[in-house]
Number of protein chains: 2
Amino acid sequence: MAQQTSDNVLLIEALFDIFRNHGYEGTTISLLSEVTGLQKSSLYHHFPKGKEDMLKAVVNYVSMQIHQHIITPLLDTQVKPEKRFSNMITTIKAFYSDGRKNCLLNVLNLGDTKPEINKLQNDDYCAWLEALTQLGKEVGMSKQEAIEWSERFIIILEGTLVIQRLTNNKLTFAKQMEYEQKLLHKYLVQ
Amino acid sequence: MAQQTSDNVLLIEALFDIFRNHGYEGTTISLLSEVTGLQKSSLYHHFPKGKEDMLKAVVNYVSMQIHQHIITPLLDTQVKPEKRFSNMITTIKAFYSDGRKNCLLNVLNLGDTKPEINKLQNDDYCAWLEALTQLGKEVGMSKQEAIEWSERFIIILEGTLVIQRLTNNKLTFAKQMEYEQKLLHKYLVQ
DNA sequence: GACACAATACCGAACGTTCGTTATATTGTC
DNA sequence: GACAATATAACGAACGTTCGGTATTGTGTC
């Protein structure tokens, strides 16, 4: 497993940016070499097992980021639920560059899916769902309502990213996220 | 432009199935050769300009299918709006094999997007939006409501496909489509 | 129907290029 | 001088593509 020196983080962020926008098969070592400023063989020094190693490092990195900056804050009951939710929206906006950047979840489950990657991503997705469901219940939803609301939120998130890439309308993402905020507030006032 | 003999349709359907699941860069001529049963050189007989030609044929084919089986029926005011909507859901379910098959819209706007393909797809998306908006107004939505409902429907559709690919839960798609049907009926009884 | 002949459909083998990867050499740092 | 980091050079394999040639089909003539 790659260790987390700050240089390494910069390197992985660069790889991440390519993988999320090109997918696994669309990402070439040459491209990664270009964007990192390292020669191809230098990349193999950091990731001896090659391309798949690079992908795994990225997926693990993103997984950590999600837990640290999204899921954990969502579960922090010392903060008001609506505040936690709006904090999450803010984090998400940054994470996806207001919808200009794609989601790894989407792009890595095309073609010949790698089971281990899929499992890791599915686990993260479930953890996110659970955290959201918890929050939903806190604002007064029934368990069933909360589950469906959570799933629908992430579906909207993923769908919005797809459509914004299609239309190039920078406002789509912001609009949908705003809509989700209002939707939560409706539950609050009930 | 490829003409529409029934053999050609079968050929293009086979190409379509690969492109939608592997994306442009993930699709190889060898794979297309395998799935069509034609040798690589034979594929070049049908599509002299190669891979890009094959993609264009597929995109055009899908565009025609969408207009013929989705958009045109949506605008047929001789049928009740709710019936037209549920017909569309049925068509969509078949088109995406209950969520097991992916959407070209998603997969072709990754990496180095081809402007002409993007434009064609964006036009289809807009046409679909307009048809849905029209239907929304028929069931009593305000223009603004109808526009937002349409956009949200397609976002849900795309998002659902992403999540179902992630979780492999065959019910996600059906559940979300059912939810959308209920949502429309709420407007009807108002 | 039989024949000639062009058009269409298909194939096997090879092309040059780029892929992911590796072996070897050079640099920088302690 | 040891060791990590980067670079140069090359590898076999797969990529998309092209070409020469063979079946198969369609068409006009007798």
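So, a few notes on the structure that sits alongside this text. This is a predicted model, so every value here is computed, not measured.

Some thoughts on the protein's contact with DNA strand D
Every one of the 15 residues lining DNA strand D counts as a neighbour, but Ser41, His45 and His46 of chain A together with Ile29 and Tyr44 of chain B are closest to it. A distance of 2.6 Å is found between a phosphate oxygen of DNA strand D and a side-chain nitrogen or oxygen belonging to His46 of chain A. Elements supplying a minimum of two residues to the surface near DNA strand D: helix 3 (40-46) of chain A together with helix 2 (29-36) and helix 3 (40-46) of chain B. The element that contributes the greatest number of residues to the surface near DNA strand D is helix 3 of chain A, accounting for four residues. Along the lines of polarity and charge, the residues of the surface near DNA strand D split into three nonpolar, 10 polar and two charged.

A short note on the pattern of salt bridges
Evaluation of the coordinates by the stated rule reveals 14 salt bridges over all chains. In this structure, Asp17 of chain A engages Lys101 of chain A in a salt bridge whose closest nitrogen and oxygen atoms are separated by 2.6 Å. Linking Asp17 of chain A in helix 1 (residues 6-26) with Lys101 of chain A in the loop between helix 5 (81-95) and helix 6 (104-107), this pair joins segments that are 84 residues apart in sequence. A relative accessible area of 25% means that Asp17 of chain A is categorised as partly exposed. One salt bridge connects Glu138 of chain B with Arg84 of chain B, and the closest N-O pair in it is separated by 2.4 Å. Here Glu138 of chain B is found in helix 7 (residues 115-138), whereas its partner Arg84 of chain B is found in helix 5 (residues 81-95), with 54 residues between them in sequence. Here Arg84 of chain B falls in the buried class, since its relative accessible area comes to 3%.

Thoughts on unusual backbone geometry
Phi angles above zero are rare outside glycine, and Asp98 of chain A is one such case at about 55°. Inspection of the secondary structure puts Asp98 of chain A in the loop between helix 5 and helix 6.

Some remarks on the packing of helix 4 (residues 51-74) of chain A against helix 5 of chain A
All names here are of chain A. Interhelical geometry of helix 4 versus helix 5 gives an angle of 160° and a closest axis separation of 8 Å. As summarised for this structure, helix 4 and helix 5 are arranged roughly antiparallel, according to the angle between their axes. Here the hand of the crossing between helix 4 and helix 5 comes out right-handed. Contact with helix 4, carried on its side by Val62, His69, Ile70, Pro73 and Leu74, involves Arg84, Met88, Thr91, Ile92 and Phe95 of helix 5 and no other residues of that element. By residue class, the composition of the contact of helix 4 with helix 5 is seven nonpolar, two polar and one charged.

Brief notes about helix 4 of chain A
Taking 1.5 Å as the rise per residue, helix 4 of chain A with 24 residues should run 34 Å; its terminal C-alpha atoms sit 33 Å apart, in good agreement. The largest bend in helix 4 of chain A comes to about 35°, at His67 of chain A.

Section: helix 5 of chain B
Turn by turn, an α-helix covers 3.6 residues, leaving residues three or four places apart pointing in a common direction. All names here are of chain B. In this model helix 5 runs 21 Å from its N-terminal to its C-terminal C-alpha over 15 residues, within 8% of the 21 Å that 1.5 Å per residue would give. Buried within helix 5 are the following residues: Pro81, Arg84, Phe85, Ser86, Met88, Ile89 and Ile92. Tucked into the core, helix 5 has its buried residues touching helix 4 (51-74), helix 7, helix 8 (143-167) and helix 9 (171-189). Ser97 sits one or two residues past helix 5 and shows a positive phi near 45°.

Quick look at the protein's contact with DNA strand C
Neighbouring DNA strand C are 15 residues; Ile29 and Tyr44 of chain A together with Gln39, Ser41 and His46 of chain B lie closest to it. Atoms of DNA strand C within 4 Å of the protein: sugar and phosphate make up 59%, bases the balance. In the model, a phosphate oxygen of DNA strand C is placed 2.4 Å from a nitrogen or oxygen of the Tyr44 of chain A side chain. In the model, a phosphate oxygen of DNA strand C is placed 2.5 Å from a nitrogen or oxygen of the Gln39 of chain B side chain. Per-element accounting of the surface near DNA strand C gives the leading share, four residues, to helix 3 of chain B.

Conventions and cut-offs
- Residues numbered from 1 in each chain as written.
- Chains lettered and ligands numbered in written order.
- Predicted model: local features only at pLDDT ≥ 70, side-chain atom pairs only at ≥ 80, totals over all residues.
- Heavy atoms only, no water.
- Near = heavy atom within 4 Å.
- Polar contact = N/O pair within 3.5 Å; in protein donor to acceptor, adjacent residues only side chain to side chain.
- Helix = DSSP H or I, 4+ residues; strand = E, 2+ residues; numbered from the N terminus.
- Nonpolar A, V, L, I, M, F, W, Y, C, P; charged D, E, K, R; others polar.
- Salt bridge = Lys/Arg side-chain N within 4 Å of Asp/Glu carboxyl O.
- Buried < 20%, exposed > 50% of the residue type's maximum accessible area, 1.4 Å probe, protein only.
- Axes fitted to C-alpha atoms, helices over the stretch in contact; angles between N-to-C directions.
- Parallel < 35°, antiparallel > 145°, perpendicular 65-115°, else oblique.
- Left-handed = near helix turned anticlockwise from the far one by under 90°.
- Contact = heavy atoms within 4.5 Å.
- Expected span 1.5 Å × (residues − 1).
- Bend = angle between axes of the 7 residues up to and from the residue.

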